[in-house]
Structures are given as C-alpha cells and as structure tokens.
Amino acid sequence: MLRYALIFLIVALVAGALGFWGLEGVAMQIARILFVVFLILFVISLVTGRRGPVE
C-alpha cells in the first residue's frame, strides 16, 4: 500500500511539472489517502504486535 502511495505521489509530481493541474490534484489526493491508511494500519499493527500462543 505504501508503494501505491509513493507511485501516486510521483505521478502527481510529474503531472505538476508538466502542467496537468487537474491530474496532479487527483493523484496527490489519492497518494495522501493511501498514505494515511498505511499509517493507521501500521500503528494498529504496532499496538497489537505479534503475540505468542495463548497459554
């Protein structure tokens, strides 16, 4: 998921450099949403962690 966020960020930067303002805004929003989702899932995985078998 982080890879997709980075891909959309790169697409947004390239589109911005080439002057495609509409495409740049959409790609940046998608990258931002995917990055936030990635961070939320990462924090949840840190909180829950890997636990051994329940005794």
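It should be noted that the structure appears before, not after, this text.
## Digging into the packing of aromatic side chains
Piece 1. Within the structure shown, the criterion is met by two aromatic pairs.
Piece 2. With a centroid separation of 6.2 Å and 15 degrees between ring planes, the pair formed by Phe-38 and Phe-42 is classed as stacked. Taken as a pair, Phe-38 and Phe-42 lie in helix H2 (residues 21–48) at a separation of four residues, close to a single helical turn.
Piece 3. Residue class for Phe-38 comes out partly exposed when judged on its relative accessible area of 25%.
Piece 4. Among the aromatic residues, those joined into a cluster by ring pairs are Phe-35, Phe-38 and Phe-42.

## Points about a nonpolar patch on the surface
Piece 1. A surface patch of nonpolar side chains, amounting to about 780 Å² of accessible area, comprises Tyr-4, Ile-7, Ile-10, Val-11, Val-14, Leu-18, Phe-20 and Leu-23.
Piece 2. It is helix H1 (residues 2–18) that provides the largest number of residues to the nonpolar patch, a total of six residues.
Piece 3. Along the chain, the position of Tyr-4 falls in helix H1.

Reading the values: rules and limits
Residues numbered from 1 in each chain as written. Predicted model: local features only at pLDDT ≥ 70, side-chain atom pairs only at ≥ 80, totals over all residues. Heavy atoms only, no water. Phe/Tyr/Trp six-rings, centres within 6.5 Å; stacked < 30°, edge-to-face > 60°. Helix = DSSP H or I, 4+ residues; strand = E, 2+ residues; numbered from the N terminus. Buried < 20%, exposed > 50% of the residue type's maximum accessible area, 1.4 Å probe, protein only. Patch = residues over 30% accessible without salt bridge, like charges linked within 9 Å, V, L, I, M, F, W, Y side chains within 5 Å. Areas by Shrake-Rupley, 256 points an atom, 1.4 Å probe, with all protein chains shown as cover. Salt bridge = Lys/Arg side-chain N within 4 Å of Asp/Glu carboxyl O.

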